[in-house]
Amino acid sequence: MFGRADEGFARAPAAAVERGELRPGVQEHATDLIARIVGPLLFERFLLGVRLEKDLVVSLIDAALAPWLPGA
């Protein structure tokens, strides 16, 4: 399902690594990161019928990227 999406998505973490915002190697885990972000969003929206709020999306992204922060 995410085949092409993770190819394009991998460029964003790579750029964050270059800026020093994320640790090297995160790009290799693009599929896992997408699953950790999109999976819960799909569940909330389509199975629970919840309207997705910005705070939820931001918190999911923050949680998925937390292990890749430079100080983690």
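Thresholds applied
- Residues numbered from 1 in each chain as written.
- Predicted model: local features only at pLDDT ≥ 70, side-chain atom pairs only at ≥ 80, totals over all residues.
- Heavy atoms only, no water.
- Helix = DSSP H or I, 4+ residues; strand = E, 2+ residues; numbered from the N terminus.
- Buried < 20%, exposed > 50% of the residue type's maximum accessible area, 1.4 Å probe, protein only.
- Areas by Shrake-Rupley, 256 points an atom, 1.4 Å probe, with all protein chains shown as cover.
- Lys, Arg positive; Asp, Glu negative; His and termini not counted.
- Charge placed at Lys NZ, Arg CZ, Asp CG, Glu CD.
- Core = buried A, V, L, I, M, F, W, Y, C linked by side-chain atoms within 4.5 Å.
- Contact = heavy atoms within 4.5 Å.

## A word on the overall build of the protein
Part 1 of the reasoning: Along the protein, the regular secondary structure elements total four helices and zero strands.
Part 2 of the reasoning: Traced from its N-terminal end to its C-terminal end, the protein shows the element sequence α-α-α-α.
Part 3 of the reasoning: Dimensions of the protein, computed from C-alpha atoms along their principal axes, come out at roughly 40 × 25 × 15 Å.
Part 4 of the reasoning: Taken across its 72 residues, the protein has 22% of its residues classed as buried.
Part 5 of the reasoning: Accessible area of the protein: about 5,000 Å², with a carbon and sulfur share of 59%.
Part 6 of the reasoning: If you average the places of the 8 positive and of the 10 negative side-chain charges in the protein, the two averages end up 4 Å apart.

## Quick word on the nonpolar core
Part 1 of the reasoning: With 10 residues, the main nonpolar core is built from Ala 16, Val 17, Leu 22, Val 26, Leu 33, Ile 37, Leu 41, Leu 60, Ala 64 and Trp 68.
Part 2 of the reasoning: Listing elements by their share of this core, those giving two or more residues are α2 (11-18), α3 (30-47) and α4 (54-65).
Part 3 of the reasoning: The element contributing the most residues to this core is α3, with three residues.
Part 4 of the reasoning: Apart from residues lying up to four places away in sequence, Ala 64 is in contact with Leu 33, Arg 36 and Ile 37.

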